[in-house]
Structure formats: structure tokens, C-alpha cells
Amino acid sequence: MASTSDSDMPSVSNVEESRNRLCDEFAAIAGTDSAVAQCYLAENDWDMERALNSFFEADMEKLFEEDFPESDPCPKHEKQKTEEKSPPDCIDLTENSPSTTQKPSEEDDGKLSLISWNVDGLDTDNIAERARGLCSYLVLYTPDVVLLQELIPPYVAYLKKRAVSYLIIEGGEDGYFTGMMLKKSRVKFLESQIVTYPTTQMMRNLLIAQVNFKGQKLWLMTSHLESCKGHADERMKQLRMVMQRMKEAPDDVTVLFGGDTNLRDAEVSKVGLPSTVCDVWEQLGKQEHCRYTWDTKANNNKTISYVSRCRFDRIYLRPAAKEAVPHVAPDHMALVGLEKLDCGRYTSDHWGIYCSFSVR
């Protein structure tokens with residue numbers, strides 16, 4: 001029998017260092033402390049993916065019991081090729097009431113509107129009220145497209161019950177993930193795909209949907225790029241993949257990306273944007289009022305001892321280049337979610353981005 005020498009065995013210090021690193025990464029992803037991280041990792045043989053799934057599979061549905069008196073949840077999402085019919089017991093909180101004044105920019109003159117928002121589903125405090133807060137903003141702005149990050153299964157189940165005027169496309173099933181909401185009366189869904197980031201340590205991917213808006217071919221993209229300053233290299237690798245996908249789209253397609261990129265400006269400069277892709281905030285003149293989407297000076301949902309003001313959430317546009325194809329151009333951007341809810345907290349620790357585009 002072959003023996004294993006001491007030199008082949010990992011040292012105690014190396015094992016401890018590796019496990020401390022896993023605890024830090026788990027805590028960063030799950031928004032918890034290192035003690036909780038250590039508990040879940042130890043119970044799952046220090047396998048990060050298994051530990052995260054165990055953490056997120058906790059019985060969180062009870063947080064939405066007030067809005068789910070019935071026992072049957074909405075049907076679980078499957079790969080979508082056609083639009084689903086809403087279950088009969090769903091109540092649409094996003095449907096305009098007769099007294100609601102519709103905004104002409106969305107409903108009358110053909111402009112495309114979207115909201116991109118990290119809704120912080122990982123924070124379960126007041127989550128039902130914060131989800132209702134999201135729905136209230138959908139009523140107010142009536143966006144054609146909603147790009148969401150940090151969704152969890154109970155949050156998606158709530159949206160399927162309360163936002164039935166939208167088709168919901170999910171970027172995952174376990175843990176936390178991204179998603180899209182498409183206004184059924186305005187956007188025709190064709191197909192979607194999930195592109196995996198091969199070296200992510202945080203379950204991140206790129207969700208792409210092909211849609212048609214008033215005869216215009218669109219590719220919609222959303223992602224939650226790797227978090228934390230120490231993961232800049234992986235985040236830049238992911239940005240390169242996003243930009244490559246945008247660049248390679250057919251020339252008769254307009255591509256819109258929105259998401260929580262966690263990017264710092266120096267990282268974007270290092271990667272570089274293709275000449276055909278623009279940062280919509282920059283394109284609209286770098287307006288100061290919508291610069292910071294992660295702003296602990298103004299948003300106190302997270303208890304942080306320091307002030308951090310960052311433009312983590314970004315919108316990128318690659319217009320169609322083919323002649324005779326309608327040209328999509330940004331014309332307005334604003335932050336949403338700036339008002340506190342009755343619970344005393346904001347809809348998310350991130351501000352959302354509302355953006356409208358002219359189609360000519």
C-alpha cells in the first residue's frame with residue numbers, strides 16, 4: 001500500500017487560510033457574518049455551492065405569508081419559449097387603475113423604457129413590503145423592460161402573483177440570481193439563454209433575451225458581476241465576456257445591457273468598451289443626480305460604518321448598425337427607489353435606474 005508522506009498533506013496553516021477565505025467569500029455573497037458562513041460551510045464539507053444552496057433554501061416563503069394566504073404557489077419557472085398565462089388567483093399590483101395617468105413617453109409615442117435594479121433579495125428584513133415597493137414603482141413608471149439582480153425564489157414567486165402584466169424570465173433557480181420582466185402588451189418575447197461565467201466563485205452569469213419591440217429586434221442582457229474589491233480580475237473577465245457578446249450581435253439588432261456591475265471606473269478603463277458600445281449615463285452628459293447607485297450616505301438599508309458612493313449599476317447600449325433599421329438612442333435617465341417605505345427602509349440598498357430611449 002502506498003503511503004502518503006507528510007509533505008504531500010496540506011499544512012494546518014494552509015487549510016485554515018483556505019477555509020477563512022471561503023468564509024469571507026460566503027459572507028460577502030450571502031450578506032451574513034463569518035460565524036454563519038463557517039456553520040453552513042462546515043455542514044457541507046466546505047463546498048461553497050452546496051453551502052450557499054443550503055443557506056438560500058431555508059424556509060423563506062413564510063416572509064411572504066401575508067401576501068400568500070392560499071397554499072398553492074405559482075408554477076415553477078421552466079425554460080420559456082412562449083408567454084405563459086397567469087394563474088387565475090393572481091392579483092396584478094402593476095396594472096394601471098382607471099385613475100392612473102399613463103405617461104405618454106411609455107404608452108403613446110413608441111419610446112422604450114426600462115428599469116435596472118439590484119433588489120437585494122438576500123436581505124430578508126421587510127422583504128415583502130420591499131417587494132410591494134418594487135411593484136409600486138412599476139405602476140408609476142410602467143417600464144417595458146425590468147432587469148433585476150439578487151432575486152431569490154420567494155421574491156420571484158411574489159412577482160409572478162403580483163405583476164402578472166409582465167412575463168418573468170429567470171437567470172437561475174437556486175440560491176440567488178438575475179431576472180427580467182417584459183411588459184406583455186409591449187414586448188414580444190422570442191427566446192432566452194444563460195451564459196455561464198466559467199471562473200465565477202459567486203454563482204454569477206449573463207442572462208440574454210431576444211425580443212421584438214414595435215418591429216425592432218432587441219437583445220436584452222443583465223448580469224450581476226463579481227462583487228468585492230478583491231475580485232476585480234474576475235469582474236473584468238466577466239465584463240469582457242459581456243462586451244464580446246454585445247459586439248458580436250447581428251448588425252440589425254439593438255443590444256441593451258443593464259445590471260449591477262460592481263465596476264470601478266479604473267476597471268472599465270483597463271478593459272475598454274468597444275467603439276460601438278456606449279455607457280448610457282456618459283452618453284447623457286454624466287448627470288450628477290444619477291451618478292451614484294450605491295450610496296450609503298443617502299441609503300441606510302445597510303449598517304456600514306463608512307460612507308461609500310459608487311456607480312455600480314450601469315446601462316450599456318449598442319445600437320443596430322444596419323441601414324433602414326430603426327435607431328435606438330437614450331434620452332432620459334433617473335434614479336428610482338429614493339423614497340422610504342412605511343417600514344422605514346428603502347426598496348433596496350441600491351437605487352434603481354430608470355431609462356427611456358427614443359426609437360426612430
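Scroll up a little and you will see the structure.
Draft legend 1. The arrangement of the nonpolar core in detail. Formed by 41 residues in total, the largest nonpolar core has its most connected members in Phe26, Leu148, Tyr155, Leu159 and Met181. Here this core gets seven residues from one element, more than from any other, and that element is helix 5 (residues 127-141). The contacts of Phe26, once residues within four sequence positions are left out, are Gly31, Thr32, Ala37, Tyr40, Leu41, Met48, Ala51, Leu52 and Phe55. Listed in part, the 31 residues of the second largest apolar core include Val145, Ile315, Leu317 and Cys355.

Draft legend 2. Region of the structure containing helix 5. Counted at 1.5 Å a residue, the expected span for helix 5 with its 15 residues is 21 Å, and the 21 Å between its end C-alpha atoms agrees. Count one or two residues on from helix 5 and you reach Thr142, which has phi positive near 40°.

Draft legend 3. Geometry of a negative patch on the surface. A grouping of Asp47, Glu49, Glu173 and Asp174 is seen on the molecular surface, where their side chains present a negatively charged patch. Within the secondary structure, Glu49 sits in helix 3 (residues 48-56).

Draft legend 4. Structural view of the packing of aromatic side chains. Across all of its chains, the model carries five aromatic pairs by this definition. Between Phe26 and Tyr40 the ring centres are 6.1 Å apart and the planes differ by 15°, which places this aromatic pair in the stacked class. Of the two residues, Phe26 is situated in helix 1 (residues 12-30) and Tyr40 in helix 2 (residues 34-43); the sequence distance between them amounts to 14 residues. In this structure Phe26 comes out as buried when scored by relative accessible area, which is 0%. For the pair Trp117 and Tyr137, a centre-to-centre distance of 5.5 Å together with 70° between the ring planes defines the contact as edge-to-face. Here Tyr137 lies in helix 5 and Trp117 lies in strand 1 (residues 112-118), a separation of 20 residues in the sequence. A residue is classified by how much of its surface remains accessible, and Trp117, at 0% relative accessible area, is buried.

Draft legend 5. Here's a closer look at the pairing of strand 1. Burial analysis of strand 1 places seven of its seven residues in the buried class, the great majority of the element. Because side chains alternate across strand 1, one face comprises the buried residues Leu112, Leu114, Ser116 and Asn118, and the other comprises Ser113, Ile115 and Trp117, equally buried. As paired strands, strand 1 and strand 2 (residues 145-151) are joined by five bridges and run parallel to one another. Looking at strand 2, one finds that Trp117 is bridged to Leu148. Note on the crossover from strand 1 through helix 5 to strand 2: the handedness is right-handed.

Analysis parameters
- Residues numbered from 1 in each chain as written.
- Predicted model: local features only at pLDDT ≥ 70, side-chain atom pairs only at ≥ 80, totals over all residues.
- Heavy atoms only, no water.
- Core = buried A, V, L, I, M, F, W, Y, C linked by side-chain atoms within 4.5 Å.
- Buried < 20%, exposed > 50% of the residue type's maximum accessible area, 1.4 Å probe, protein only.
- Helix = DSSP H or I, 4+ residues; strand = E, 2+ residues; numbered from the N terminus.
- Contact = heavy atoms within 4.5 Å.
- Expected span 1.5 Å × (residues − 1).
- Patch = residues over 30% accessible without salt bridge, like charges linked within 9 Å, V, L, I, M, F, W, Y side chains within 5 Å.
- Areas by Shrake-Rupley, 256 points an atom, 1.4 Å probe, with all protein chains shown as cover.
- Salt bridge = Lys/Arg side-chain N within 4 Å of Asp/Glu carboxyl O.
- Lys, Arg positive; Asp, Glu negative; His and termini not counted.
- Charge placed at Lys NZ, Arg CZ, Asp CG, Glu CD.
- Phe/Tyr/Trp six-rings, centres within 6.5 Å; stacked < 30°, edge-to-face > 60°.
- Pairing = 2+ DSSP bridges.
- Right-handed = clockwise from strand over helix to strand, strands pointing away.

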